[in-house]
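Spelled out, the chains give:
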Amino acid sequence: QVQLVESGGGLVQAGGSLKLSCAASGSIFNINTMGWYRQAPGKQRELVASKLIVGTTNYADSVKGRFTISRDNAKNTMYLQMNNLKPEDTAIYYCYGSIRSAWNPGYSDYWGQGTHVTVSS
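Presented here is an overview of the structure given in this document. Bear in mind the structure is a predicted one, so any value in this text is a computation, not a measurement. (Residues numbered from 1 in each chain as written. Predicted model: local features only at pLDDT ≥ 70, side-chain atom pairs only at ≥ 80, totals over all residues. Heavy atoms only, no water.)

### A closer look at the state of the cysteines
In this structure the tally under the stated criterion is one disulfide. Between the sulfur atoms of Cys22 and its disulfide partner Cys95 the distance amounts to 1.8 Å. One disulfide, between Cys22 and Cys95, carries an S-S torsion of -65° and so falls in the left-handed class. Taken together, the residues Cys22 in strand E3 (residues 18-26) and Cys95 in strand E9 (residues 91-101) connect sequence positions 73 residues apart. Cys95 shares its class with Cys22; the two are buried. (Disulfide = S-S within 2.5 Å. Helix = DSSP H or I, 4+ residues; strand = E, 2+ residues; numbered from the N terminus. Buried < 20%, exposed > 50% of the residue type's maximum accessible area, 1.4 Å probe, protein only.)

Structure below.
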């Protein structure tokens, strides 16, 4: 069984910073892409940032220059440093991973339970 667990959400004033963490655990053979998505009330879930196991990083235009995604592959952990937060960043943030478990030859999509981020103006 593979699990993704997010942490680090909370309430912050506009202009402030938060750092989210996502830890993958279980019978993991390899993790390819990991990413952060968010869903604001009444809106669809959207990609915030993603990162391959090595190299290629993608960011939503709305967060470029403010958010930084990083990974510690040895720890199966991913981070999202969020700076200069804006009220429009308020959402539930979900961790995503394309993971090959020890029991299956292919990769499957896994999601965390989400962590709330609220930015007050």
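### Considering the side chain of Asp89
Topologically, Asp89 is positioned in the loop between strand E8 (77-82) and E9. Within the local environment of Asp89, its side chain forms a polar contact with the backbone nitrogen of Lys86, the two atoms lying 2.8 Å apart. Setting aside residues no more than four positions away along its own chain, Asp89 makes contact with Arg38, Arg66, Phe67, Asn84, Val117 and Val119. (Polar contact = N/O pair within 3.5 Å; in protein donor to acceptor, adjacent residues only side chain to side chain. Contact = heavy atoms within 4.5 Å.)

### Quick notes on the sheet that holds strand E7 (residues 67-72)
A sheet is described by the order of its strands in space; here four strands give the open sequence E1-E3-E8-E7, paired in antiparallel fashion. The strands lining the two open edges of the sheet, one partner per strand, are strand E1 (2-7) and E7. Pairwise comparison of adjacent strand axes, ignoring direction, gives a mean angle of 15° for this sheet. (Pairing = 2+ DSSP bridges. Axes fitted to C-alpha atoms, helices over the stretch in contact; angles between N-to-C directions.)

### Quick look at the packing of aromatic side chains
The tally for this structure, following the rule as stated, stands at three aromatic pairs. On the basis of an interplanar angle of 65° and a centroid distance of 5.0 Å, the ring pair of Tyr37 and Trp111 is categorised as edge-to-face. Taken together, the residues Tyr37 in strand E4 (residues 28-39) and Trp111 in strand E10 (residues 108-111) connect sequence positions 74 residues apart. Residue classification places Tyr37 among the partly exposed residues on the basis of a relative accessible area of 23%. We classify Trp111 as partly exposed; its relative accessible area is 38%. (Phe/Tyr/Trp six-rings, centres within 6.5 Å; stacked < 30°, edge-to-face > 60°.)

### Remarks on unusual backbone geometry
At Asn76, a position not held by glycine, the phi torsion is positive, near 50°. With respect to the helices and strands, the residue Asn76 is situated in the loop between E7 and E8. Asn76 gets classed as partly exposed once you look at its relative accessible area, which sits at 24%. With a phi close to 50°, Asn84 is a non-glycine residue in the positive phi region.

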